[in-house]
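Structural overview for review
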Amino acid sequence: MLLLVALAVGGLIPIQTAANSRLRLSVGNFPVVSALISFSVALLVAILATTILQGNPLPQFAPGTTAPWWTWLGGVMGVCFVLGNIVLFPRLGAVQTVVLPILGQVVMGLLIDWFGLFGSPRISVSPLRIVGAIVVFAGIVVVLRAGKSGKGAVAAKATGDATGLELWLFRALGVLVGVGSAVQTAVNGYLGTIAGSSLHAGEINLTVGVVLLLIAALVTSPKQFTRKPTPGPAWMWLGGLVGAIFVISGATLSPLLGTATTVIAFNAGTIAAGQVLEARGAFGARKNPLTATRLVGLVVIFLGVLAVRLL
């Protein structure tokens, strides 16, 4: 049952990306403002959840504890993840926005394990885990090639999606988003050990994100705060709620299922939901029917992630 819950939570991530991307249109096409709204809602939900589950929403640092400077990177990487997905979703579609960060997560995750970065324990990187990373890369190549021809390519031209060099730059950004996500996970894991709990670490993460985004919004689009968002579908407000559910679920499920199993289940749910969104054109995603080649690529990606996490 817990595994099914983890799969369902992973399946919410493409919905969060779609919701934040649609909210961007309603707030004057400012990605920083839409991300700020999403982070603010997530922070409020996280504070409420921490108060209920932990009894005290304030971090519980032990006396004399000094947090390294990089403990604040979690919030920075969280901002980069949300902003990156808001920018990538309308340009690359749901599936590529989902699978490209996985490559960055896998590669950076191996480096974090190998060198014991950000307070993580050093874990040997076996040849089989490296093979798993190569398998992930191969699966992503298959997925990308499946989208280059046929209806996918025609739809890209018709909707003004990225093409040529611009397309590859956005794809590179997608991989970097995944790198930041892996850093965020490692930093929050360490922060949870010194701040009282993973929920408190999530609060700190979201608070840093809100502060950064508020400063960025005041610098880039201060007039936006005096304007009301234009009407749109009700689901465009779901981004912050989903973000909070993801943070809280990760903190709750990891001790019960194990970190590796939880991450694998999240990735599996995210990959499946991303394809469903594109196949049905749901939540504003560009409709792109599932092909046998793309299905093979998605399965290969999942098997590669499985190998990296478990071998």
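Read on for an overview of the structure. What you see is a predicted model; the values in this text were computed from it and never measured.

**Concerning the overall build of the protein**
Across its full length, the protein carries ten helices and zero strands. From first element to last, N terminus to C terminus, the protein shows the α and β order α-α-α-α-α-α-α-α-α-α. Here the C-alpha atoms of the protein give a radius of gyration of 19 Å, agreeing with the 19 Å that 2.2 N^0.38 yields for 311 residues. With the principal axes as the frame, the protein shows a C-alpha extent of 60 × 55 × 35 Å. Looking at the protein residue by residue over its 311 residues, the buried ones come to 50%. Within the protein, contacts between residues separated by at least 24 positions form 81% of all contacts whose residues are at least 6 apart in sequence. Just so you have it, the protein exposes about 14,400 Å², and 73% of that area is on carbon and sulfur atoms.

**Here's the deal with helix α6 (residues 164-195)**
Its 32 residues place the ends of α6 46 Å apart at the C-alpha level, agreeing with the 46 Å of an ideal helix rising 1.5 Å per residue. A positive backbone phi angle near 115 degrees is found at G196, which sits one or two residues after α6.

**Things to note about the packing of aromatic side chains**
Inspection of the entire model under this criterion finds three aromatic pairs. On the numbers, 5.7 Å between centres and 70 degrees between planes, the contact of W70 with F118 is edge-to-face. Note that W70 is positioned in the loop between α2 (31-54) and α3 (73-115) and F118 in the loop between α3 and α4 (127-146), a separation of 48 residues in sequence. We classify W70 as buried; its relative accessible area is 15%. Summarising the aromatic geometry, the rings of W114 and F115 are spaced 5.6 Å apart at their centres and angled 20 degrees between planes, so their arrangement reads as stacked. The partly exposed category is assigned to W114, whose relative accessible area is 46%. Counting every residue linked through ring pairs, the aromatic cluster contains W70, F118 and Y190. Cation over ring: R171 sits above W168, and NZ or CZ is 4.5 Å from the ring centre.

Parameters at a glance
Residues numbered from 1 in each chain as written. Predicted model: local features only at pLDDT ≥ 70, side-chain atom pairs only at ≥ 80, totals over all residues. Heavy atoms only, no water. Helix = DSSP H or I, 4+ residues; strand = E, 2+ residues; numbered from the N terminus. Rg over C-alpha atoms; globule rule 2.2 N^0.38 Å. Buried < 20%, exposed > 50% of the residue type's maximum accessible area, 1.4 Å probe, protein only. Contact = heavy atoms within 4.5 Å. Areas by Shrake-Rupley, 256 points an atom, 1.4 Å probe, with all protein chains shown as cover. Expected span 1.5 Å × (residues − 1). Phe/Tyr/Trp six-rings, centres within 6.5 Å; stacked < 30°, edge-to-face > 60°. Lys NZ or Arg CZ within 6 Å of the ring centre and 35° of its normal.

Scope: geometric values only; no functional claims are made or implied.
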